[in-house]
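The primary structure of each chain is shown beneath.
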Amino acid sequence: MPLDRPLNSLGFAKAPADTRVVVAMSGGVDSSVVAAQLAEEGYDVVGVTLQLYDHGAALAKKGACCAGLDIHDARRVAEEMGFPHYVLDYENIFKDAVIDEFADSYLAGATPVPCIRCNERVKFKDLLETARDLEADCMATGHYIQRKDGAHGPELHSAEDANRDQSYFLFSTTPEQLAYLRFPLGHLPSKAATRELAAKYGLAVADKPDSQDICFVPNGDYASVIEKLRPDAIDPGDIVHVDGRVLGRHEGVIHYTIGQRRGLAIGGLSEPIYVVKLDVNAKQVIVGPKEMLATRIVPVREINWLGDAPITSRDEWHISVKVRSTRPPREAILRPISDTEAEVELLTPEQGVAPGQACVFYETVGTRILGGGWIWAGGR
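Cut-offs used in this document
- Note on numbering: residues in each chain are counted from 1, in written sequence order.
- Only residues with pLDDT of at least 70 are given local features in this predicted model, and only at 80 or more are side-chain atom pairs given and counted; all residues enter the totals for whole chains, interfaces and linings.
- With hydrogens and water excluded, all non-hydrogen atoms of the structure serve as input to the side-chain values.
- We count a stretch as a helix when DSSP gives it H or I for four or more residues in a row; a strand needs E for two or more, and each element gets its number in order from the N terminus.
- We compute the radius of gyration from the C-alpha atoms alone; for a globule the expected value is 2.2 Å times N to the 0.38, where N is the number of residues.
- Here's how the labels work: a residue is buried when its accessible area is under 20% of the maximum for its type, exposed when over 50%, partly exposed in between, all with a 1.4 Å probe on protein chains only.
- Here a residue-residue contact requires only that any non-hydrogen atoms of the pair lie within 4.5 Å.
- Working definition of accessibility: Shrake-Rupley area with a 1.4 Å probe, residue cover restricted to the visible protein chains.
- Two residue types count as positive, namely Lys and Arg, and two as negative, namely Asp and Glu; His and chain ends fall outside the count.
- A charged residue contributes its charge at one atom only: NZ of Lys, CZ of Arg, CG of Asp or CD of Glu.
- Using only the protein atoms, space was sampled on a 1 Å grid; points where a 1.4 Å probe fits but cannot get out form cavities, open sets with protein on both sides within 12 Å along at least five of seven lines form pockets, and lining residues are those with an atom within 4 Å of a point.
- Grid points are joined across faces, edges and corners, and a volume is the space filled by probe spheres set on the points.
- We call Asp, Glu, Lys and Arg charged. Ala, Val, Leu, Ile, Met, Phe, Trp, Tyr, Cys and Pro are nonpolar, and the rest, Gly among them, are polar.
- Paired strands, in this sense, are two strands between which DSSP finds at least two bridges.
- Here, axes are lines fitted to C-alpha atoms. For helices the fit covers the stretch in contact, and angles between N-to-C directions go from 0 to 180 degrees.
- Only the six-membered ring of Trp is used, alongside the rings of Phe and Tyr, when aromatic pairs are assigned; centres must lie within 6.5 Å, and planes under 30 degrees apart are stacked while those over 60 apart are edge-to-face, with the rest tilted.
- Only lysine NZ and arginine CZ atoms are considered, and such an atom sits over a ring when it is within 6 Å of the ring centre and within 35 degrees of the ring normal.
- Among buried residues, those of type Ala, Val, Leu, Ile, Met, Phe, Trp, Tyr and Cys that are joined through side-chain atoms within 4.5 Å constitute a nonpolar core.
- This arc describes the spread of directions from the helix axis toward the C-beta atoms.
- One side-chain nitrogen of Lys or Arg within 4 Å of one carboxyl oxygen of Asp or Glu is enough to make a salt bridge.
- Oblique is the label for any angle not covered by the other classes, which are roughly parallel (under 35 degrees), roughly antiparallel (over 145) and roughly perpendicular (65 to 115).
- What makes a crossing left-handed is the near helix being turned counterclockwise from the far one by less than a right angle; a clockwise turn instead makes it right-handed.

## What to know about the overall build of the protein chain
Along the backbone of the protein chain there are seven helices and 17 strands. A globule of 380 residues ought to have a C-alpha radius of gyration of about 21 Å, and the protein chain, at 22 Å, matches this closely. With respect to the principal axes defined by its C-alpha atoms, the protein chain has extents near 75 × 50 × 35 Å. A buried classification covers 51% of the 380 residues belonging to the protein chain. Pairs at least 24 apart in sequence give 64% of the contacts found in the protein chain among residues at least 6 apart. A total of about 17600 Å² of accessible surface is found on the protein chain, and carbon and sulfur atoms cover 48% of it. Here the protein chain holds 40 positive side-chain charges and 54 negative ones, and the gap between their average locations is 4 Å.

Written as structure tokens, this is what we have:
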């Protein structure tokens, strides 16, 4: 074999037919297109779908990943494109690694992001090990994010389409995982381009709606899921103004989130009020004026650092950060405390910063993701 053989589209110096790739298939259009495209290019594709939960009505809910209908859709794509497909029962792993922490965090007054934990603890951990067991050269997913080769190894970069970028949910991807992962959709200009590819390959899922909710939370109703998982842990209490006035009663802290304005059922006040704090121990929902939501200093821990130099090699890093998935990156100063803890100063205060959310780090100029961590306490 010649030593100067060109790299294939997945970055390996061998023919596609000699390159095995496991595709994580949720049953949606994105991962289906990845699998179909790689199969058409001649790769040795193996499709794997995870059955993550079975919560009765949620199983047949449209718009949720890894439900019963989605498993059927993934299997159908594999049959149409002629590659093997396996369904793995990960219900117990998913419950232990994702759902239980989601419930406990919510009951503790946090606003968790279970999709990040699922990527971190299930898809990019256990599923990735399964891909290695299948002797795959790499694992591909339908996430909208880019992997680029840098001077010090693979780098994580935002997707070409900012409206589809999923970097907020993938900040905890480690360098070792990144070396094994591939994201074939990250360079596409739009979701429309993905659907065009699905139509080109004749996939039945070409017009399938995007998932909108957390897969195990039907209709986005977090509280009802928590009530089922922890029925004895929900206590009523007082809605208290920051000045100490008791304004009303609530039926459980889990029904409220930091920054919430609607649904407080409190009238007769001279100014709008918002949820500014949740005190689980005192069973209090604390409300106040909007300006009390502004946060400048954000404590972060469990940091996954993807920069070239160690995070502690500098006292300060001038970066941009996202504190919510739907907000654009804002300039900030990162001050490391250790390899896994830091304090982030937002140059422009943000509203609604809540414990349990992620704080994701970006280069101020460019598209590279430098990692991120978890907001573990209220900012100031």
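Here the narrative resumes, following the displayed structure.
## Some words on the layout of surface pockets
Here the second largest pocket is characterised by a volume of approximately 670 Å³. Surrounding the second largest pocket, 35 residues form its lining, Gly109, Ala110, Pro355, Gly356 and Trp376 being those nearest its centre. For the lining of the second largest pocket, the secondary structure elements donating two or more residues are α3 (91-107), α4 (114-133), β10 (274-279), β12 (294-305) and β17 (369-375). The residue makeup of the lining of the second largest pocket, split by class, is 20 nonpolar, seven polar and eight charged.

## Observations regarding the sheet that holds strand β8 (residues 237-241)
Ordered in space as β9-β8-β11-β10, the four strands form an open sheet in which the pairing is mixed. With partners counted over all chains shown, the strands left at the sheet margins are β9 (246-250) and β10, one partner each. For this sheet, the mean inter-axis angle between neighbouring strands, taken without regard to orientation, is 30°. Pairing of β8 with strand β11 (residues 284-288), which is carried by four bridges, proceeds in the parallel orientation. The residue of β11 that forms the bridge with Val240 is Ile286.

## Regarding the packing of aromatic side chains
Counted by the stated rule, this structure contains nine aromatic pairs. Consider the rings of Tyr106 and Tyr222, whose centres lie 5.5 Å apart with planes at 70°: the pair is edge-to-face. Here the residue Tyr106 occupies a position in helix α3, and Tyr222 occupies one in helix α7 (residues 222-229), the gap between them amounting to 116 residues. Since its relative accessible area comes to 6%, Tyr106 is described here as buried. Aromatic side chains Phe171 and Trp374 sit 5.8 Å apart centroid to centroid with 65° between the ring planes, which places their arrangement in the edge-to-face category. In this pair, Phe171 sits in the loop between β6 (153-158) and α5 (175-180) while Trp374 sits in strand β17, placing the two residues 203 residues apart along the sequence. One aromatic cluster in this structure is built from Phe94, Phe102, Tyr106, Phe216 and Tyr222. The side chain of Arg132 reaches across the aromatic face of Tyr180, ending 4.1 Å from its centre.

## Here we look at the nonpolar core
Judged by nonpolar contacts, the single largest core of 50 residues is most densely connected at Leu52, Phe94, Val122, Met139, Phe216 and Ile226. Elements with a minimum of two residues in this core: β1 (20-24), β2 (44-51), α3, α4, α5, α7, β16 (358-362) and β17. At eight residues, α3 tops the list of elements feeding residues into this core. Discounting chain neighbours no more than four positions away, the residues touching Val122 are Leu50, Leu52, Tyr90, Ile93, Phe94, Ala97, Val98, Arg117 and Leu127.

## Topic: helix α6 (residues 191-200)
Every buried residue of α6 is accounted for by Lys191, Ala193, Thr194, Leu197 and Ala198. Down the axis of α6, the sector holding all buried residues measures 160°, keeping them to one side. Exposed residues pointing more than 90 degrees away from the buried face of α6 are listed as Glu196, Ala199 and Lys200. Tucked into the core, α6 has its buried residues touching α1 (29-40). Where α6 terminates, the next one or two residues include Gly202, which has phi positive at roughly 70°.

## Here we look at the pattern of salt bridges
In the structure shown here, the tally under the stated rule is 28 salt bridges. The partner of Arg335 in a salt bridge is Glu345, with the nearest N and O atoms 2.8 Å apart. Here Arg335 is found in strand β14 (residues 330-336), whereas its partner Glu345 is found in strand β15 (residues 342-351), with ten residues between them in sequence. Since its relative accessible area comes to 17%, Glu345 is described here as buried. Each of Asp30, Arg164, Lys191, Arg195 and Asp210 takes part in a single network of salt bridges with overlapping partners.

## Some words on the packing of α3 against α4
Viewed as axis vectors pointing N to C, α3 and α4 meet at an angle of 165°, and their least axial separation amounts to 9 Å. Between α3 and α4, the angle falls in the class roughly antiparallel. Remark: the crossing between α3 and α4 carries right-handed chirality. Judged by residue contacts, Ile93, Phe94, Ala97, Val98, Glu101 and Phe102 of α3 engage Pro114, Arg117, Cys118, Arg121, Val122 and Asp126 from α4. A breakdown of the residues in the contact of α3 with α4 according to their chemical character gives eight nonpolar, no polar and four charged.

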